[in-house]
Amino acid sequence: MSRFTVREATKFFRSSGADCNETLVQEWMNDTKTMNISYGVTKSDFISFDMWNSARGTAYENGISDRERIARLLVEINELKTEILTLTREKEGLEDQLGIMSS
């Protein structure tokens, strides 16, 4: 038996600032096995949910295959390369505006 209901956890998480619904909280409860003798939703439950939710869809998500993890990391690398290029161009444009010669 779970130590709190999906509805209780969802209400607590929302009051703590999480953007979630009961379906997402149920998925977290199923994935993390929130079984315990104590009762009531706590701050540590919120932290656990937040960390779990933050990792979803990333290379750091629990339970994904190595192949999926590598694919997600490659996407992340490409996004970072694009961001670096954009920032480099922005920096050069600002330096040109200020008349600063880059080294």
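Heads up: the structure comes first, above all this text.
Residues numbered from 1 in each chain as written. Predicted model: local features only at pLDDT ≥ 70, side-chain atom pairs only at ≥ 80, totals over all residues. Heavy atoms only, no water.

## Describing the environment of Gln26
Here is step 1: With respect to the helices, strands and loops of the structure, Gln26 is situated in helix 2 (residues 22–32).
Here is step 2: Sequence-wise, Gln26 and Ala9 are 17 residues apart; in three dimensions their C-alpha atoms are separated by 9.1 Å. (Helix = DSSP H or I, 4+ residues; strand = E, 2+ residues; numbered from the N terminus.)

## Quick notes on the packing of aromatic side chains
Here is step 1: With the rule as written, the count across this model stands at seven aromatic pairs.
Here is step 2: Taking the centre distance of 5.9 Å and the plane angle of 50° together, the rings of Phe13 and Phe46 count as tilted. Of this pair, Phe13 sits in helix 1 (residues 6–15) while Phe46 sits in helix 3 (residues 43–55), and the two are 33 residues apart along the sequence.
Here is step 3: For the ring pair Trp28 and Phe49, a centre distance of 5.7 Å and an interplane angle of 90° mean the geometry is edge-to-face. Of this pair, Trp28 sits in helix 2 while Phe49 sits in helix 3, placing them 21 residues apart in sequence.
Here is step 4: By relative accessible area, Trp28 is classed as buried at 1%. (Phe/Tyr/Trp six-rings, centres within 6.5 Å; stacked < 30°, edge-to-face > 60°. Buried < 20%, exposed > 50% of the residue type's maximum accessible area, 1.4 Å probe, protein only.)

## Re the pattern of salt bridges
Here is step 1: All told, the structure shown has five salt bridges when counted by the stated rule.
Here is step 2: The salt bridge partner of Arg56 is Glu27, with a shortest N-O separation of 3.5 Å. With Arg56 in the loop between helix 3 and helix 4 (66–98) and Glu27 in helix 2, this pair connects stretches of sequence that are 29 residues apart.
Here is step 3: On the basis of relative accessible area, Arg56 is assigned to the partly exposed category, the value being 35%.
Here is step 4: Residue Lys91 pairs with Glu95 through a salt bridge whose shortest N-O separation is 3.1 Å. Here Lys91 pairs with Glu95, and both are found in helix 4, just four residues apart, close to one helical turn. (Salt bridge = Lys/Arg side-chain N within 4 Å of Asp/Glu carboxyl O.)

## A look at the nonpolar core
Here is step 1: Core analysis: the biggest nonpolar cluster contains 14 residues, and Phe13, Cys20, Val25, Trp28 and Phe49 have the highest contact counts within it.
Here is step 2: Going through the elements one at a time, helix 1, helix 2 and helix 3 are the ones with two or more residues in this core.
Here is step 3: Looking at this core, the element that brings in the most residues is helix 2, giving four residues.
Here is step 4: When neighbours within four sequence positions are excluded, Val25 is seen to be in contact with Val6, Ala9, Thr10, Phe13, Cys20 and Phe49. (Core = buried A, V, L, I, M, F, W, Y, C linked by side-chain atoms within 4.5 Å. Contact = heavy atoms within 4.5 Å.)

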